[in-house]
Amino acid sequence: MVKAAAKQQVSLIDSKRAYNISILMNGKIKIPIDELRDAVLAMDVRVSGSEETLAALMQCLPTAEDKITLGTYKAEGKDLEALGDAERIMLQLMDVPALDARLRCCSYKFATPAKLQGACDVRRTKQQSAMTCGVRVGGRTE
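Residues numbered from 1 in each chain as written. Predicted model: local features only at pLDDT ≥ 70, side-chain atom pairs only at ≥ 80, totals over all residues. Heavy atoms only, no water.

As for the overall build of the protein chain
Helix and strand content of the protein chain: seven helices and zero strands. In the protein chain, buried positions account for 26% of the 142 residues. Within the protein chain, contacts between residues separated by at least 24 positions form 72% of all contacts whose residues are at least 6 apart in sequence. (Helix = DSSP H or I, 4+ residues; strand = E, 2+ residues; numbered from the N terminus. Buried < 20%, exposed > 50% of the residue type's maximum accessible area, 1.4 Å probe, protein only. Contact = heavy atoms within 4.5 Å.)

Here it is as structure tokens:
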């Protein structure tokens, strides 16, 4: 019986970062790698549905160095299927125009309600302080 040789994966990025990206993709994002680019472009609810998912995806963004390395590998016509999961994820993401801005913009929908609530709380506190001060001043007799 002849066993097929295990396919060797090509790793182009730091192994620790690749490991972390793989964990994020399997744990938080759960989108097949081949569908990732289209899901991000469409701002699919699987991508933009939670603050955790967006934060995880932002950690997967390729750096300028990663883009150069992956772009060179791709331009040389090498087998993209031989790449590790993290590299394939980055290849999908690096073709999305203004990805960082898209994700940050989408993340504001989660941050805005908390900021508005905080502003309302500050305003309410200041109003209560002003009313307390007014009662104190108004209650004095000379």
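So, next bit.
As for the side chain of Asp66
On the secondary structure map, Asp66 appears in helix α5 (residues 64-75). One polar contact links Asp66 to Thr63, side chain to side chain, over a distance of 3.0 Å. The residues touching Asp66, leaving out its near neighbours within four places in the chain, are Ile13, Arg17 and Met90. (Polar contact = N/O pair within 3.5 Å; in protein donor to acceptor, adjacent residues only side chain to side chain.)

A few points about helix α4 (residues 51-59)
All of the buried residues in α4 are Thr53, Leu54, Ala56 and Leu57. Relative to the axis of α4, the buried residues are bounded by an arc of 160° and lie together on one face. Away from its buried face by more than 90 degrees, α4 exposes Glu52 and Gln59. (Arc of directions from axis to C-beta.)

Some thoughts on helix α2 (residues 33-41)
Among all positions of α2, only Ile33, Leu36, Ala39 and Val40 are buried. Buried positions in α2, seen along its axis, are confined to an arc of 90° and lie on one side of it. Met43 sits one or two positions beyond α2 and adopts a positive phi of about 50°.

Quick look at the pattern of salt bridges
Under the defined criterion, the tally for this structure stands at six salt bridges. In this structure, Lys74 and Asp95 form a salt bridge, with 3.6 Å as the shortest nitrogen-oxygen distance. Here the residue Lys74 occupies a position in helix α5, and Asp95 occupies one in the loop between α6 (85-94) and α7 (99-138), the gap between them amounting to 21 residues. By relative accessible area, which is 39% here, Lys74 ends up partly exposed. Here Glu76 makes a salt bridge to Lys78, at a shortest N to O gap of 3.0 Å. (Salt bridge = Lys/Arg side-chain N within 4 Å of Asp/Glu carboxyl O.)

Observations concerning the nonpolar core
Nonpolar side chains in soluble globular proteins generally cluster together in the buried interior. One finds Ile21, Leu36, Val40, Leu57, Cys60, Ile89 and Leu93 to be the most contacted residues of the largest nonpolar core, which totals 30 residues. Beyond its immediate chain neighbours, meaning those up to four positions away, Cys60 contacts Arg17, Ile21, Leu24, Met25, Ile29, Ile89, Met90 and Leu93. (Core = buried A, V, L, I, M, F, W, Y, C linked by side-chain atoms within 4.5 Å.)

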